[in-house]
Amino acid sequence: MTDRPLDVLCIGNAIVDVISDSSDEFITAQGLEKSSMRLIDEEEAVRLYGLMGPGREVSGGSAGNTAAGIAALGGAAGFIGQVADDALGDIYRHDIRAAGVRFDTPARGDVGASARCLILVTPDAHRTMNTFLGAAQKLERSSIDAAEIAGAKILYLEGYLWDPEAPRAAMKEAIEAARAAGTKVAFTLSDSFCISRHRDDFLALVNEGKLDILFANEAEIGELAGVGDFDMALAAVGARVPLLVVTRSEKGAVAVRGEEKASVAAEPIEKLVDTTGAGDLFAAGFLLGEARGLDLEQSLKLGAIAAAEVIQHYGARPEADLKTLAAGLL
């Protein structure tokens, strides 16, 4: 890994993903809502982990997954996120750096345990996520380096980190640093539950011109716009943000930049295995395309390629060579 200028600097929850096969019966027995994401405390994390089947551990979190995807595509990616000075923190640091991502946020001994997400994957490839945020929600403003932001083409932020006061303040400071430096600001809404909790804040970011790129999926854009019709939601939000990117699962994705609109179909796959990280890897492809000056359709295509690769195996890390799959685009 070199210190070359970054294509994208990502800020988000530093979470170790623990991914395990599950059955629908296990999901029901634990009183979980299939395909949902819930926040849990450390006691529940320990309890549920003890009941899960064998799993594998990998550095995760939405923005961390996106940073790793950018690196896998040959881009220069950085990540800012908080881990504790513990075993899981060591796993996170080693894994994300091994993926080629610049990660220099110091571990801390005063933030409790490192975050982890217990991901239960059912045979239909749906994932039910149980997240203990731990140290990840203790990210402070002092971890934001204005010079590092100024050296990146795009700053990418995840909505999942908006809940706690300290990281929310850190992200706001990062946005202001980016705007002062001329670095583009990209933001992902992350999940409908994030919007239900912070809709006014997210709309303020849009309406005050703080964002250059907004990512959402079909459900999220409807939630933000407050309308159920997709085309109406797309038009309402697309008119208020310079670039809107919306993923639609098997229906592909669409991007709107002013009067310009582009769309792509979903890439064909052999078998759907695990949708973990699909949106994160789509964002990785699109952001790298944007950083490298591709047009909207090419950037959408790059995102679709990255997303299609990651849903054909477990976990949110590419297993095939994304640079080969993206040949001709970058």
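To start, this report covers the structure provided alongside it. All of these numbers come straight from a predicted model, not from anything done at the bench. (Residues numbered from 1 in each chain as written. Predicted model: local features only at pLDDT ≥ 70, side-chain atom pairs only at ≥ 80, totals over all residues. Heavy atoms only, no water.)

The full count for this structure, using the stated rule, is nine aromatic pairs. Ring centres of Phe79 and Tyr92 lie 6.0 Å apart, and the angle between their planes is 40°; this geometry places the pair in the tilted category. Here Phe79, found in strand β5 (residues 77-80), pairs with Tyr92, found in helix α4 (residues 87-98); they are 13 residues apart in sequence, far enough to count as distant. By relative accessible area, Tyr92 is classed as buried at 1%. Ring pairs connect the aromatic residues Phe79, Tyr92 and Phe103, which therefore count as one cluster. (Phe/Tyr/Trp six-rings, centres within 6.5 Å; stacked < 30°, edge-to-face > 60°. Helix = DSSP H or I, 4+ residues; strand = E, 2+ residues; numbered from the N terminus. Buried < 20%, exposed > 50% of the residue type's maximum accessible area, 1.4 Å probe, protein only.)

This brings us to the pattern of salt bridges. Using the criterion set out here, one finds 19 salt bridges in the structure. Residue Arg47 pairs with Glu44 through a salt bridge whose shortest N-O separation is 2.8 Å. Within this pair, Arg47 and its partner Glu44 are both found in helix α2 (residues 42-51), separated by three residues, close to a single helical turn. Judged by relative accessible area, which is 37%, Arg47 ranks as partly exposed. Looking at Glu44, the relative accessible area reads 17%, which means it is buried. For Glu290, the salt bridge goes to Lys184, with nearest N and O atoms at 2.8 Å. Of the two residues, Glu290 is situated in helix α10 (residues 278-291) and Lys184 in strand β10 (residues 184-188); the sequence distance between them amounts to 106 residues. On the basis of relative accessible area, Lys184 is assigned to the partly exposed category, the value being 34%. Residues participating in the shared-partner salt-bridge network are Lys184, Arg257, Glu260 and Glu290. (Salt bridge = Lys/Arg side-chain N within 4 Å of Asp/Glu carboxyl O.)

A few words on the pairing of strand β11 (residues 213-217). Remark: a regular strand shows side chains that alternate across the two faces of the sheet. Burial within β11 is extensive, with four of its five residues counted as buried. In terms of strand pairing, β10 meets β11 through three bridges, oriented parallel. Bridging from a neighbouring strand, Thr188 pairs with Phe215 of β11. For the crossover from β10 across helix α7 (residues 192-207) to β11, the handedness is right-handed. Here five bridges tie β11 to strand β12 (residues 243-247), and the two strands are oriented parallel to one another. Its bridge partner lying in β12, Ile213 is registered against Leu243. (Pairing = 2+ DSSP bridges. Right-handed = clockwise from strand over helix to strand, strands pointing away.)

Right, let's talk about the pairing of strand β7 (residues 115-121) for a bit. β7 sits mainly inside the fold: seven of its seven residues count as buried. With burial as the criterion, each face of β7 is covered, one bearing Ala115, Cys117, Ile119 and Val121 and the other bearing Arg116, Leu118 and Leu120. With seven bridges connecting them, strand β2 (residues 15-21) and β7 associate as parallel partners. What sits directly across from Val18, in β7, is Leu118. Judged from the six bridges that link them, β7 and strand β8 (residues 127-132) form a sheet pairing that is antiparallel. By the bridge assignment, Leu120 is partnered in β8 with Thr128.

So, on to the side chain of Ser143. Of note, Ser143 is situated in the loop between β8 and α5 (146-150). Here Ser143 is in contact with Ile80, Gln82 and Thr105, once residues within four sequence places are set aside. (Contact = heavy atoms within 4.5 Å.)

Another aspect to go through is the sheet that holds β12. The strand order across the open sheet formed by nine strands is β6-β5-β1-β9-β10-β11-β12-β13-β14, and the pairing between neighbours is mixed. One side of each edge strand has no neighbouring strand; the edge strands of this open sheet are β6 (102-103) and β14 (260-264). Summarising the sheet, β5 and β6 pair through two bridges and their orientation is parallel. Within β6, the position partnered with Gly78 by the bridge is Arg102. In this fold helix α3 (residues 62-72) packs onto β1 (6-11), β5 and β9 (152-158), with an angle of close to 165° to the strand it touches most, β5. (Axes fitted to C-alpha atoms, helices over the stretch in contact; angles between N-to-C directions.)

Time to look at the side chain of Glu309. Residue position: Glu309 is located in helix α11 (residues 296-310). It turns out Glu309 is buried and unbridged, and the closest side chain with the opposite charge, Arg56, is 9.2 Å from it. If sequence neighbours within four positions are ignored, Glu309 has contacts with Pro318, Glu319, Ala320, Leu322 and Leu325. (Lys, Arg positive; Asp, Glu negative; His and termini not counted.)

You can see Ala84 is positioned in the loop between β5 and α4. Distance in space between the C-alpha atoms of Ala84 and Ala115 is 8.3 Å, their sequence separation being 31 residues. Setting aside chain neighbours within four positions, we find Ala84 in contact with Gly89, Ala107, Arg108, Val111, Gly112, Ala113, Ser114 and Ala135.

This part covers the environment of Glu165. Position of Glu165 among the secondary structure elements: in helix α6 (residues 165-181). The class of Glu165 is exposed, set by a relative accessible area of 65%. Sequence spacing of Glu165 and Glu140 is 25 residues, and the spatial spacing of their C-alpha atoms is 9.4 Å.

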